[in-house]
Amino acid sequence: MDFDLSEEQQLLKDSVEGFLSDTYGFEERKKIAALPGGWSPEVWGTFAELGILGLPFAEEDGGFGGGAVETMLVFESFGKHLVLEPYLATVVLAGGVLKRAGSAEQKAAHIAAIAGGSSTYALATTERHSRYDLFDVTTTAKKDGGSWVLDGEKAVVVHGGTADHLVVSARTAGARRDKGGIGLFLVPADAAGLSRRSSPTQDGTHAAEVTLSGVRVDAVHVLGDPEGGLPVLEAVADEAIAALCAEAVGAMSELTDVTVDYLQQRKQFGINIGQFQALQHRAAEMFVALEQARSMAMFAAMTAATEDARERRALASAAKVQIGRSAKFIGQQGIQLHGGIGMTMEYKAGHYFKRLTMIDTLFGDADHHISEVADFGRLVAAA
Amino acid sequence: MDFDLSEEQQLLKDSVEGFLSDTYGFEERKKIAALPGGWSPEVWGTFAELGILGLPFAEEDGGFGGGAVETMLVFESFGKHLVLEPYLATVVLAGGVLKRAGSAEQKAAHIAAIAGGSSTYALATTERHSRYDLFDVTTTAKKDGGSWVLDGEKAVVVHGGTADHLVVSARTAGARRDKGGIGLFLVPADAAGLSRRSSPTQDGTHAAEVTLSGVRVDAVHVLGDPEGGLPVLEAVADEAIAALCAEAVGAMSELTDVTVDYLQQRKQFGINIGQFQALQHRAAEMFVALEQARSMAMFAAMTAATEDARERRALASAAKVQIGRSAKFIGQQGIQLHGGIGMTMEYKAGHYFKRLTMIDTLFGDADHHISEVADFGRLVAAA
Amino acid sequence: MELRFTDEEVAFRKEVQAFIDAKLPRALREKLAAGHHPTRDDIVFWQRTLNEKGWGVAHWPVEYGGTGWDAVKQYIFLEEMMMAPAPPPLAFGTSMVGPVIYTFGSDAQKKRFLPGIANLDDWWCQGFSEPGAGSDLAGLKTRAEKVGDHWVINGQKTWTTLGQYADWIFVLARTDASVKKQEGISFILVDMKTPGITVKPIQTIDGGHEVNEVFFDDVKVPLENLVGQENKGWDYAKFLLGNERTGIARVGISKQRIRRIKEMAAIEQRAGRPLIEDQRFREKIAEVEVELKALEITQLRVIAGEKKREKGKPDPASSVLKIKGSELQQATTELLMEVIGPHSAPYAPEEPGSNEPPIGPEWAQTIAPTYFNVRKVSIYGGSNEIQKNIIAKAVLGL
Amino acid sequence: MELRFTDEEVAFRKEVQAFIDAKLPRALREKLAAGHHPTRDDIVFWQRTLNEKGWGVAHWPVEYGGTGWDAVKQYIFLEEMMMAPAPPPLAFGTSMVGPVIYTFGSDAQKKRFLPGIANLDDWWCQGFSEPGAGSDLAGLKTRAEKVGDHWVINGQKTWTTLGQYADWIFVLARTDASVKKQEGISFILVDMKTPGITVKPIQTIDGGHEVNEVFFDDVKVPLENLVGQENKGWDYAKFLLGNERTGIARVGISKQRIRRIKEMAAIEQRAGRPLIEDQRFREKIAEVEVELKALEITQLRVIAGEKKREKGKPDPASSVLKIKGSELQQATTELLMEVIGPHSAPYAPEEPGSNEPPIGPEWAQTIAPTYFNVRKVSIYGGSNEIQKNIIAKAVLGL
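Calculation criteria
- Residues numbered from 1 in each chain as written.
- Chains lettered and ligands numbered in written order.
- Predicted model: local features only at pLDDT ≥ 70, side-chain atom pairs only at ≥ 80, totals over all residues.
- Heavy atoms only, no water.
- Contact = heavy atoms within 4.5 Å.
- Buried area = accessible area lost by both parts, 1.4 Å probe.
- Salt bridge = Lys/Arg side-chain N within 4 Å of Asp/Glu carboxyl O.
- Helix = DSSP H or I, 4+ residues; strand = E, 2+ residues; numbered from the N terminus.
- Nonpolar A, V, L, I, M, F, W, Y, C, P; charged D, E, K, R; others polar.
- Pairing = 2+ DSSP bridges.
- Domains from an automatic or database assignment.
- Polar contact = N/O pair within 3.5 Å; in protein donor to acceptor, adjacent residues only side chain to side chain.

Visitor: I'd like to hear about the interface of chain A and chain C, residue by residue, with values.
Guide: With 46 residues of chain A in contact, the opposing surface of chain C contributes 54 residues. Both sides of the chain A and chain C interface together cover about 4100 Å² of buried area, and 53% of this is carbon and sulfur. Among the residues of chain A in contact with chain C, Arg 131, Gln 202 and Met 343 of chain A are the three that bury the most area, contributing 19% of the side total. Here chain A and chain C share four salt bridges between them. For the side of chain A that touches chain C, the secondary structure elements donating two or more residues are strand E3 (147-158), strand E6 (194-200), strand E8 (267-268), helix H8 (277-302), helix H9 (309-338), helix H10 (348-360) and helix H11 (366-376) of chain A. Partitioning the side of chain A that touches chain C into residue classes produces twelve nonpolar, 18 polar and 16 charged.

Written out as C-alpha cells, the structure reads:
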C-alpha cells in the first residue's frame, strides 16, 4: 500500500500543472471558450508536445504506456483549470475504444493521429432514451455487402461537433436493451449521411447531436467484434469515470480554496465573514467532502485494472457516487458561501459549480451508480 | 380555514396540561415508571375524572363526542410530559375498534368500562414478520360451532401485559397477506390458552408478547364482520397516527425548549455555548423541523375524517413521514447539543429522544410511509 | 380548527382560476411552465390585465386601489397566480415601494406614483444592496448630499433586479455619516433618466440577465423625492423588507414544478421504462411533497396568525417559510435535473426571435439554467444563514 | 501509487486472523457481534492472550514491549480486531497513559507501570473531564496541593469510562491557579484504593453503565506519582489526545456492523419478502458502504502520511476521520434500527446470569440500546463541532 507518486508521475504532474498554471488562467479560459468549437488548437498542440495525448496508449502503439494513475494526475489539473480541450473525448473515450478493440492497422492509423495531435475524436453512445445504459441502443447497423449501413440518432456527443472521427455504437443484432449485438464503428465526420448540430454545454464545453441516415461504413472500420462492443464500451466508461472523478476532485479542491479565500477577505458587519462559526463549519464540511472524494478518485484510479469486470464496474460506480455526492455539496455550498458574487458569470466559483454539475451527468449520475453498488452488494468486502 | 381552538377545546387543553404540569414532572414520572406495569392507576383515575378516557366516543355510547383535534390536544400534552399510561392502547386503539366495529351490546359493555376507567385494553396486531402491514396476519381463527379458536403469536402489544382485554386480529380466511379474511376478536386477558410476557420498552412504556394456543372466543365477542376487519384496523391506525404525531410534537417541542435552555446556561470557554453561531443555527434548524412537524400533526388531525379511505391513509402517511424525519433530527440534535449530559438517564433530554425513536416504530416508520405517499402519487394536489 | 376552505373561499378560487383561463394566453402559460423567463412585455401585459380587473394591487388598502381581501384570499390569489403560472408581479413596485409610499409618502408622492405602480406605467427597481453591503445592508456607502434644492447622489448599487427596464429606482443613501450606521440613511425616489445614472448588466451563472449594477455619479434629484423624514430611511427599509411575507415560501411555484416533474418523468425513461414507474424516484418526489405540504400548512398558520399580530410586526416564524421555501424550490430543480439526466447539457441562451429548434428534448433547455439560477433563492432577501440568526435570536432567545 | 497490500501484509493479515480464530472463543465473538458489551473479564482475558503472544501493546516502542510493526501493519491488526470482533483493548492503559509514561515518565514509573498496562494487571481509567470542563478541558477545577511529601487532591471528575473496575486513574489537576489556565495543570497517577476517592455510576440512556463520576476528597498521593514536570500536564494531555489516530475512524467496527445488517436483513421481512431484496434498502446500505470505503482510503492516506510527519504532530486531517467515522458508526446503527423495525421496542437490560429468554427476536435486544449509545461517538473525544473548529482553523486558516 502506497500513496506516493513515482518520480515520473511527479514529473508528469508538475509539467501539466505548470503549463496550465502559466497559460490557462480564468481570463485565458474565457477567450478559449469563445473560440469556434470552444477549445484551443494551440493548447492542443502543447498537449501533444507534453506527450499527454499519447499517455494511456501502449508504447508499441506509439503511446507512453501510462496507467490510470497518470490519467488521474492529468485530469486533476484539468479540473483545477477547467480545461476545455477534447482530451476526454479523444484520448480517453475514442482512444480507449481504439486501444482495446482496434486492429493493428486501426491502431497504427489512429493512435498515432491522436498522440500526435493531428486529429480529434469523439464517442457517440448516448441516445434519447438510453439515459446511462450503454447497452440501450436503437441506432442500427445493417450489413450490406462489404460494408455496414448506420441509421439513428445520438445525443450529447461530447466534442462531437469538432471531431474528425466519431466512434459510434450501433445495434447489429438483438432488441433495444440486449447486451449483445452492439457494434462499434469508426465514422469519419464528413461521411455521407452524417449530420451534426453542435452547441455549447452548460459548463462551456461543446456537444453535438449526431444524425446518421444511411451512413455507409466499410467493414475495415468496424472496431472489434461487431456484436461484442459492450464490454469494450464498459471498460472505456470505467476509465472515463476514473478520469472524471479526478477532474471533479481538481475542481472541488479549487472551488473550496476559492471559497475559503473569499471567507477570509469578505467583510460584513465589520469583520471577515470567515469568523462566523456557522460559515467556518460549512467550510469544514466542504473539506470533509473533498477528502472523501479525493480518496475515492484515488480508489478509482488504483482499482481501474481490476480483472473481474463485474467488480471493476462496481468499484467505478462507488467512486462516481462519492464524487457525485461530494460535488453537489461542495458546488452548492461554494455558491452559497459566496453569496451574490458566486451567482455571477464573471466570477470563477460558478464555473466550477457548473462543471461539477455536468460531470455528474457524464457516464451516470450518483443515483444511477448507487443502484450498481447496491446490486454488487459487497463493496465493504471488495478491494 | 381556521387554526383557532374553540372554547371547549381550549378548556380541554388547559385542564389536561394543568393536571400534568402539576403532577407529572420528571421525578414523578420516574416513580410511575417504576410501578408494576409501568403506569399509575391513580393518574388513570384522574384521567377518568377529567373525562378524557371517554373523549373520542359518541355521546350515545357514553363518550364525549370529541374528534381528532381534541385527541391531538390531549396527546400533545402527553408528549410534553412523556405520559406512560395506556391511553393510546385503551382509548385510541382498542376503543377505536370498539366504536367502529362493536355491536350495541359490545359498546354498551366496553366503552363504558373504558370511559369510566375501570378496565384497560390493548390491540394485538403486530406479528414476527408483519412489520407494519396490518394485513400480514398468520394468527388463525377457526370457526368451531358457536365459537372461534385462536392460535398464533402477537408481538409488541403495547400495554398488553396489564390490559384486561385484548383486541386480536386473526385470519379467518385467505392467505397470509390477503386483505380480506381478517377478523377482530375481543379476548379477556385471563382466557384459557392466552399467555403474555411483558417487558418495559426502550422508552419506559411496556409491551407484551402474546401467545394464543387454542383460545376459544364466543361468537358474540367477534367485533364486526369476521372477514372484514382490515378497514376497521386501518381507520384505527390512522387515528392512532394522528395521535402519535401530536404526541411527538409535544415531545419535540419540549426537547427543543430543554436544549435551548441548556445552550443559554452551559458555559465553556468562558461564555454561554448558546453564543456559538454553529450551535445557534442547529437550534434554529430544530425549530424549523419542529414547525414543519407541528403543521403536519395539525394536518393529520384536520384530515382524519377524510371520507375516501385511500386518501385518508395517504394523508396520515404524509404526516407520519414528516414527524419521523423531524423527530429523528430533533432527537439526535437535542442529544448532540447537550453533549455528555444528554447521554445520561438522569437527565430529561434522552427520554424525549427515546420516546421519539419509538414513536417512529409505531404504525409504520417514515420509510414505510414514504412508500405509501409515493404510491398515492398526488399529495400536492390533495387536501 | 378547520383546514378546509369555506365555500366562499372555494368560490373565490374558482373565480380567480376562471379569470386566468380567460385572460392569460395559453402560449404564455406554457412558456412559463417550461421554465422560460417572462419578457418585460409579458409582465406589463399581465399587470395591466389584472389592474383592469381591479386586482393589480390586491393587497393594498382599498383607498389606494386594493381589494380588501383578507389574508386567506390574498393567499389563494397568489397561489393560483404561481400555479397558473402567470408572469409574477413586479414586486419592487407593488410590494415594496408602493406600500412605503402609501404608508410614509407625501400626498403628492401618493398621487404621482401609486397609479403608475398599479398599472405598471412606471417600472420600479430597488437600490439597496452594494458591493460591500449585502447581508450587512446598513453598512451601505452610497451618499446623498443636500446641495441647494437637490440631493446629489454618488455611489454604486448592485443586484438591481430588472433594472435594465426601470423608469424609477428607490434608493437607500447615507445622508448623515456622523451617527450610528442605521440612523443616517434616507429613502429617496430617483428617475432613472436622470443624468449620471449608468446601468451595467450582470450576467448570472445560468446565462441570464436579471440583475444589474447601477452607478450614481453626481445624480441630481429634487429634494421632494425624499420619502418621509430625512435619516429615517432604515425604518422604511425594514418595513419594506418585513412586508413580503405571505408569498415568501413560494409554495405555488414548487407545486407547479412538482407537477411538471411528474409530467416529464412520464416521458423520460430509466431502464427502458418511464421514470415515473421507478419506485425510488417516486419516493424522492414524495419526500419533497411531504415537506411542501407541511410548509403550506405552516404558511397558512402564519397567515391565520396575522390578524392577531400587531400591524407591521412580522412573525419571526416567517424565517421558517423563507428557509424551507427556498430549500424546496431548490429541491424541485434538483429533481428536474435528475429527470432529464444527460440531456441537461446543451446550453441555449434565450434569444428572442431565434427559429433554431432546440438541441435535445424541447423541455430540457431550461432545466440546468433553472437549477443554477434557483441557487439564488437561499441567498437573496436575507440569506438562509441570516434567517437562522433571526430564529436563534428573535424566536429562541439565543 | 498502489492500493493493494503487499504479499507480506496479506500474509500478516492471515496470521492475525488465524490467531484470532485459534484463541478467541466463538461464543465471545458471537456475543460481541450481537452488540453485547464485553465484561471486565472478557477484556482482561483477551488483553492477556494478546500479551502472551507479544501483541498486547503492539504500537509501543520495542524496548517497552512493542512489536515494531509499521503503521500499515498496525492498521491491519486493529482492523482485524474490530472485525472479529474481539474485546477492544482498554485504551486508557495501552493508548493513553502507557505512551505518556514511556515518553515523559521516570524510570521508576516505567518499571512500575508499563508491564501492568501491557498485561492488564492494572486497570486504568481517565480523570480528565469535569462537570464544568468538557470541550473546554483546560478549564478544569480539580486541584492538587503539595502538602509535605504528598499531593492532596480535591475535586470531581466525570465521564470516567469503566472507572468502576479501575485500579489506577490518571488525573489532570490544577497545581497553579495563578497562571494561564493551560499552564498550571499537572498530570498525576492515583491509586484508586486511596482513601477519599468515591466512584459513582452514571447510567446512560441505553441503560448501560460505562461511565462514572469520580470524587476526590483530600486524596493523598505520593509526590513521585507526578508524571514529568509540575505544571506541564497540559502538554502531556495534548500528546495523549493527539495519539489516538489510526483507530479513530473505527472503520472495522462499521464494516462489521454492515455485515450484520446484511445478515439480519436476509431474515427480517418487508412486504412478505426478505428485506435485503428491497432495492431501496440495499441502496441505503450502499450509500453507507461508499462513504465507508472512502473513509477507509482516507484513513490509509493518513497512515501513509505518518511516516513523513513530524513525530507527535497529529495530521489535522484526522479530524476528518473523527467526523466521518462517527457519522458512519451512527448511520450503521440507524440501518440496524430500520432492519428490526417494531421489534426494537422490548428493553432487556443486560443482567449476567439471567436465563430468561429474550422477548422478541434474539438479535433485537441490543439494537435500540446500541443506536442510543452510539450517539456518544460524535460527542466524546472532541465533539464533531470541535473537530470542525479544528479543520476551519488548522487546515483552512479561518
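Visitor: Explain the pairing of strand E7 (residues 206-218) of chain A to me, and be specific about the residues and the numbers.
Guide: Residues and elements named next belong to chain A. In this structure, E3 lies alongside E7, joined through nine bridges in antiparallel fashion. Residue pairing across strands places Val 158 opposite Ala 207, the latter belonging to E7. One ladder, built from seven bridges, connects E6 with E7; its direction is antiparallel. If you follow Arg 197 over to E7, its bridge partner there is Glu 209.

Visitor: Please give an account of the domain arrangement of chain C that cites residues and values.
Guide: All names here are of chain C. As assigned here, chain C comprises domain 1 (7-89), domain 2 (124-232) and domain 3 (245-395). Taking only C-alpha atoms into account, the centre of domain 1 sits 20 Å from that of domain 3. Between domain 1 and domain 3, the contact holds 13 residues from the first and 19 residues from the second. The junction of domain 1 with domain 3 conceals about 1400 Å² of combined surface from both sides, 58% of it contributed by carbon and sulfur atoms. There are one salt bridge connecting domain 1 and domain 3. Residue Lys 255 is joined to Glu 79 by a salt bridge in which the shortest nitrogen-to-oxygen separation is 3.0 Å. There are four residue pairs in polar contact (both at pLDDT 80 or more) connecting domain 1 and domain 3. For the side of domain 1 that touches domain 3, the element with the highest residue contribution is helix H4 (residues 71-83), accounting for seven residues. Residue classes in the side of domain 1 that touches domain 3 are distributed as nine nonpolar, three polar and one charged.

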